Amino acid sequence: MAIEDLISSVPTGLWIGGEERQAASTFNVLDPSDDQVLATVADATAADAVAALDAACAVQAEWAATAPRKRGEILRSVFEKITENADDIAALMTLEMGKVLAESKGEVTYGAEFFRWFSEEAVRIEGRYTPAPAGTGRILVTKQAVGPCYAITPWNFPLAMGTRKMGPAFAAGCTMIVKPAQETPLTMLLLAKLMDEAGLPKGVLSVLPTTSPGEVTTALIDDGRLRKLTFTGSTGVGKSLVKQSADKLLRTSMELGGNAPFIVFDDADVDAVVDGAILAKMRNGGEACTAANRFHVANAVREEFTEKLVKRMSEFNLGKGIDPASTLGPLINSKQVSTVTELVSDAVSRGATVAVGGVAPGGPGNFYPATVLTDVPADARILKEEVFGPVAPITGFDTEDEGVAAANDTEYGLAAYVYTRSLDRALRVAEGIESGMVGINRGVISDAAAPFGGIKESGFGREGGSEGIEEYLDTKYIALTR
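A brief report on the enclosed structure follows. (Residues numbered from 1 in each chain as written. Predicted model: local features only at pLDDT ≥ 70, side-chain atom pairs only at ≥ 80, totals over all residues. Heavy atoms only, no water.)

### Things to note about the overall build of the protein
Looking only at helices and strands, the protein has 15 helices and 20 strands in total. For the protein, whose C-alpha radius of gyration is 23 Å, the value lies close to the compact-globule estimate of 23 Å for 482 residues. The principal-axis extent of the C-alpha atoms belonging to the protein is close to 70 × 65 × 40 Å. When burial is assessed residue by residue, the protein has 56% of its 482 residues classed as buried. Intrachain contacts of the protein at a sequence separation of at least 6 include 73% that bridge at least 24 residues. For the protein, the separation between the mean place of its 45 positive charges and that of its 64 negative charges on side chains is 7 Å. (Helix = DSSP H or I, 4+ residues; strand = E, 2+ residues; numbered from the N terminus. Rg over C-alpha atoms; globule rule 2.2 N^0.38 Å. Buried < 20%, exposed > 50% of the residue type's maximum accessible area, 1.4 Å probe, protein only. Contact = heavy atoms within 4.5 Å. Lys, Arg positive; Asp, Glu negative; His and termini not counted. Charge placed at Lys NZ, Arg CZ, Asp CG, Glu CD.)

### Re the pairing of strand S13 (residues 292-298)
Across the 7 residues that make up S13, a large majority, 7, are buried. Here S13 runs beside strand S16 (residues 391-397); their pairing, made up of 4 bridges, is parallel. Looking across to S16, one finds that Phe-295 is bridged to Ile-394. (Pairing = 2+ DSSP bridges.)

### Topic: a nonpolar patch on the surface
Side chains of Tyr-129, Ile-478 and Leu-480 sit close together on the surface and give an oily, nonpolar patch of about 270 Å² of accessible area. Its place among the elements puts Ile-478 in strand S20 (residues 473-481). (Patch = residues over 30% accessible without salt bridge, like charges linked within 9 Å, V, L, I, M, F, W, Y side chains within 5 Å. Areas by Shrake-Rupley, 256 points an atom, 1.4 Å probe, with all protein chains shown as cover. Salt bridge = Lys/Arg side-chain N within 4 Å of Asp/Glu carboxyl O.)

### Digging into the sheet that holds strand S17 (residues 415-419)
Taken together, the 7 strands give an open sheet; going across it, the order is S14-S15-S16-S13-S12-S17-S18, and neighbouring strands pair in mixed fashion. For this open sheet the edge positions go to strand S14 (353-356) and strand S18 (437-440), each flanked by a neighbour on one side alone. When the angles between neighbouring strand axes are averaged without regard to direction, this sheet yields 25°. Sheet analysis places S14 next to strand S15 (residues 371-374), joined by 3 bridges and oriented antiparallel. Bridging from a neighbouring strand, Val-356 pairs with Val-372 of S15. (Axes fitted to C-alpha atoms, helices over the stretch in contact; angles between N-to-C directions.)

### Here's the deal with the nonpolar core
Counting 63 residues, the largest nonpolar core has Phe-115, Met-166, Phe-170, Met-176, Met-195 and Leu-205 as its most contacted members. Take this core: its biggest share by element is 8 residues, from helix H7 (residues 186-197). Those residues in contact with Met-195 that sit more than four places away from it in its chain are Val-78, Phe-115, Met-166, Phe-170, Leu-200 and Leu-205. Membership of the second largest hydrophobic core comes to 43 residues, among which are Val-270, Ala-292, Phe-295 and Ala-370. (Core = buried A, V, L, I, M, F, W, Y, C linked by side-chain atoms within 4.5 Å.)

### Observations regarding the packing of helix H5 (residues 101-121) against helix H6 (residues 160-172)
Axis separation between H5 and H6 bottoms out at 8 Å; the angle between their running directions is 5°. Between H5 and H6, the angle is such that the two are roughly parallel. For the pair H5 and H6, contact is made by Glu-107, Tyr-110, Gly-111, Phe-114, Phe-115 and Phe-118 and by Ala-160, Thr-163, Arg-164, Met-166, Gly-167, Pro-168, Phe-170 and Ala-171, respectively. A breakdown of the residues in the contact of H5 with H6 according to their chemical character gives 9 nonpolar, 3 polar and 2 charged. (Parallel < 35°, antiparallel > 145°, perpendicular 65-115°, else oblique. Nonpolar A, V, L, I, M, F, W, Y, C, P; charged D, E, K, R; others polar.)

### Quick word on the pattern of salt bridges
Counted according to the given criterion, the structure contains 30 salt bridges. Note that Glu-255 is salt-bridged to Arg-164, the shortest N-O span being 3.0 Å. With Glu-255 in strand S11 (residues 251-255) and Arg-164 in helix H6, this residue pair connects regions lying 91 residues apart in the sequence. Residue Glu-255 shares its accessibility class with Arg-164, and that shared class is buried.

### Looking at the packing of helix H3 (residues 68-84) against H5
Between H3 and H5, the least distance of the axes is 7 Å, while the angle of their chain directions is 165°. In this view, H3 runs roughly antiparallel relative to H5, as classed from their interaxial angle. Crossing hand, H3 versus H5: left-handed. Where H3 abuts H5, its residues Gly-72, Leu-75, Arg-76, Val-78, Phe-79, Ile-82 and Thr-83 lie against Val-108, Ala-112, Glu-113, Phe-115, Arg-116, Phe-118 and Ser-119. Of the residues contributing to the contact of H3 with H5, the split by class is 8 nonpolar, 3 polar and 3 charged. (Left-handed = near helix turned anticlockwise from the far one by under 90°.)

### Description of the pairing of strand S3 (residues 26-31)
Bridge analysis of S3 against strand S4 (residues 36-42) gives 6 bridges, and the strand direction is antiparallel. What sits directly across from Asp-31, in S4, is Gln-36. The hairpin formed by S3 and S4 contains 4 residues between the paired strands, and Asp-35 there has a positive phi angle of roughly 60°.

### A look at H5
When the terminal C-alpha atoms of H5 are compared, their 31 Å separation across 21 residues agrees well with the 30 Å that a helix rising 1.5 Å per residue should span. Every buried residue of H5 is accounted for by Ser-104, Glu-107, Val-108, Tyr-110, Gly-111, Ala-112, Phe-114, Phe-115, Phe-118, Ser-119 and Glu-121. On its buried side, H5 packs onto H3, helix H4 (86-97), H6, H7 and helix H15 (465-468). (Expected span 1.5 Å × (residues − 1).)

### What about the environment of Ala-378?
As for its position among the elements, Ala-378 is in the loop between S15 and S16. Spatially, the C-alpha atom of Ala-378 lies 8.1 Å from that of Thr-395, the residues being 17 residues apart in sequence. When neighbours within four sequence positions are excluded, Ala-378 is seen to be in contact with Leu-383 and Lys-384.

### Considering the sheet that holds S20
The strands making up a sheet associate through backbone hydrogen bonding, with each pair oriented either parallel or antiparallel. Taking strand neighbours across the sheet as the criterion, the 3 strands line up as S5-S6-S20 in an open arrangement whose pairing is antiparallel. Either end of the sheet is taken by a strand with one partner, and the two such strands are strand S5 (128-131) and S20. Pairwise comparison of adjacent strand axes, ignoring direction, gives a mean angle of 20° for this sheet. Of the pairings in the sheet, the one linking S5 to strand S6 (residues 137-145) comprises 4 bridges and is antiparallel in character. Bridging from a neighbouring strand, Arg-128 pairs with Val-141 of S6.

Structural data, given as structure tokens:
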């Protein structure tokens, strides 16, 4: 489909109760490769948020009472609808977010999988029935849908960060309002349209693009009918939302910032390590909370690893994501370019060396090249802060304990990567790392069938796997007489 036809096929109004609605004002969505306007979309207000909650509450009981098999069949239909439209979704995502087309196609596959996985989990919501130990009766435990949910999703994965929340919520019998990031609302609006075509009942999903997220969020959180808040984004915003939701004691799930260590031991296969490092660092152009943020490499293999990583990073072709020749697209906006530039400059000022890249090309668009920093000192900010860009800082260590200590020297705990040929070491280190997820000899760990989430200041709650649906279920105990 031509780009103009693709953009014109996307709803640009608010999506409330399964229907497109106009708003009092609008805002522009920009292409990060040249900052040109892609589309103008409706700008939701607090009143629109309440209208979306009205729609969710109106069908909540009916949706929760829908047979689990029926809910599962609808989710399976959504999976098939996404798959049928994969090329259009990927192109739209690339246009509004910037990632290269191959990355967008990978996200469509990953994002769709949450609907297939949870279509199967919808019929596996379990309870239990047992005699009371005292012999005085029976214990019946059942699970029920939490109720209307509010999901706030980020710009870096415009499809998958929504499907990872919608899949389990809908499988559990919950309705949901989604507020996509201001930078990337088009993918979610297209998804809402496709879900409607796939048979999702009207009112089960609403989508509210907005430039006033605080106003919209406050209206929903303060309304006593909302029962669940799920957020993916920065730790700072997550903390604020947890505090804000406390007055209503909302169920909350928080998938927050990361500072993933990539640990290379001296017995690792360096060629395999470099392959994994490219995946872990450069997936999504480095704009991922699971991206390898710092490379802790055993000094015995550090020189070899650095030389091979620099070669691979120098091969990335910077350009518009929609261009098939590009292998690295732009960052999301100029602010992110400034953040990456500042972190690299800080590291260099403290003694780090730029082995490749390190300078934004300037001109139109928000580009930053694949970059490797060597001899990064321990006090460099880039080892403490999430860079969210294509920069690989390398530092060395000698002993296993030093490597683990360096990995744990952060307030975050989302993902970590470990490379070693020793199974004993792999398990020992994985258990010692303070992280919700650990990849052993692999650079990509996200899987719809596995629980995704972190510890420490990377948040709480899990998305995906059999654990993911529990976030949208309440446990009810029914005491039966003998």
